Amino acid sequence: MEKDIITLAIETSCDETSVAVLKNGREVLSNVISSQIDIHRKFGGVVPEVASRKHIENINIIIQQALDEANITFDDIDLIGVTRGPGLVGALLVGISSAKAIAYALNKPIVGVNHIEGHICANYIEHKDLQPPFTCLVVSGGHTYLIYVRDYTDYELVGRTRDDAAGEAFDKVARALGLPYPGGPVIDKLAKEGNKDAVEFPRVYLEHNSYDFSFSGLKTAVLNYLNQARQKGEEIIVKDVAASFQQAVIEVLVEKSIHLAKERHSDRIVIAGGVAANEGLRSLMEKRGNEENIKILYPSRILCTDNAAMIGSAAYFNYINGKVSDLYLNVVPNLDLA
């Protein structure tokens, strides 16, 4: 019988300090997340320098908490996984410095993980039988990707946003509506109460058969609608604007995902990233999936947000496929999915 592989994983790409312990890439023994949302909310978004300082304050405490919750010690660890990018450079440096120190002290292998790959791998934790190939939509505050996952570490990046990511557009529109940060969950909640057909916002599909995304024009359309309504003294029904905006975003996300799955004869679409928690997106994707006989999978909400468990899963699959880093590992803030 092969020995279990215990992975200690660290994620500090943005404003969550997270450390997790996993067994064999799919079983979570602990997944501790310390969020900074309340700190950054008063600024209306993440302040990189503040985020970095909070990571420094928290990282050692969270590492020990993750070990304690998993009921293990450093001696039980076989592998160190850490986010190397994309993300905020200062925040990433805190995590990668800690991971390299632990790997050096324990003389254990280290794997630098692409944050986007981590989001994809969150589904391996949630769905124990999930195996490639499949179509994947990654939607978060900083990224919107359509990916065909050939194998556990083999990705084809088919489409990406050309400007604002979907989550970024949610936050900017929420701010324009006077809603608190982060805007995505608030808009999703309001959209349930509003009329999605109240305002006809544009659906941007770009060129024929393009799998890229663009949400900047939609965001501008919402801002223009709000400005014109205020100038005319017209009532702005926030829940209707939220519902109409969200519908314009998710229709494009869903249709492009379904189109790629059908083109690749893929019977599964996996959703990942923070916006994968959006109930409107899940509902419409499942509706279209049922119509096209395509199974829709997504992680639980805690695994949609930035967390170290997903990084540990990605590190494990890279490790067993021979993709190991060394102690010269450095951060790459604009790291692409290779």
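About the thresholds
Residues numbered from 1 in each chain as written. Predicted model: local features only at pLDDT ≥ 70, side-chain atom pairs only at ≥ 80, totals over all residues. Heavy atoms only, no water. Salt bridge = Lys/Arg side-chain N within 4 Å of Asp/Glu carboxyl O. Helix = DSSP H or I, 4+ residues; strand = E, 2+ residues; numbered from the N terminus. Pairing = 2+ DSSP bridges. Axes fitted to C-alpha atoms, helices over the stretch in contact; angles between N-to-C directions. Parallel < 35°, antiparallel > 145°, perpendicular 65-115°, else oblique. Contact = heavy atoms within 4.5 Å.

## Describing the pattern of salt bridges
- As enumerated under the stated definition, the model contains 25 salt bridges in all.
- The partner of E292 in a salt bridge is K262, with the nearest N and O atoms 3.4 Å apart. In this pair, E292 is assigned in helix α9 (residues 279–292) and K262 in helix α8 (residues 238–263), connecting sequence segments 30 residues apart.
- With a shortest N-O distance of 2.8 Å, R288 and E291 are connected by a salt bridge.

## A closer look at the sheet that holds strand β3 (residues 27–35)
- Reading across the sheet, the 5 strands line up as β3-β2-β1-β4-β5 and stay open at both edges, with mixed pairing between neighbours. Because the sheet does not close on itself, it has two edges, and the strands there are β3 and β5 (110–114). Adjacent strand axes in the sheet meet at a mean angle of 20° when their direction is disregarded.
- Across 6 bridges, strand β1 (residues 6–11) lies against strand β2 (residues 16–23) in antiparallel orientation.

## Overview of the packing of helix α5 (residues 166–176) against helix α7 (residues 216–232)
- Interaxial distance between α5 and α7 falls to 10 Å at its minimum, and their mutual angle equals 5°. Of the possible angle classes, the one that applies to α5 and α7 is roughly parallel. Across the interface between the two elements, K172, V173 and A176 from α5 touch K219, V222, L223, L226 and R230 from α7.

## Regarding the pairing of strand β8 (residues 154–160)
- Pairing analysis gives 6 bridges linking strand β7 (residues 144–151) to β8, with the strands arranged antiparallel. Across the sheet, residue D151 finds its bridge partner in β8, namely D154.
- Hairpin remark: β7 followed by β8, antiparallel, with 2 residues in the connecting loop.

## Overview of the sheet that holds strand β9 (residues 268–272)
- The mixed open sheet is built from 5 strands, whose spatial order is β8-β7-β6-β9-β10. Every interior strand has two partners, whereas the edge strands, β8 and β10 (295–297), have only one. Direction aside, neighbouring strands of the sheet carry axes that sit 25° apart on average.
- Relative to strand β6 (residues 134–139), α8 is tilted by about 160°, and along the sheet it contacts β6, β7, β8 and β9.

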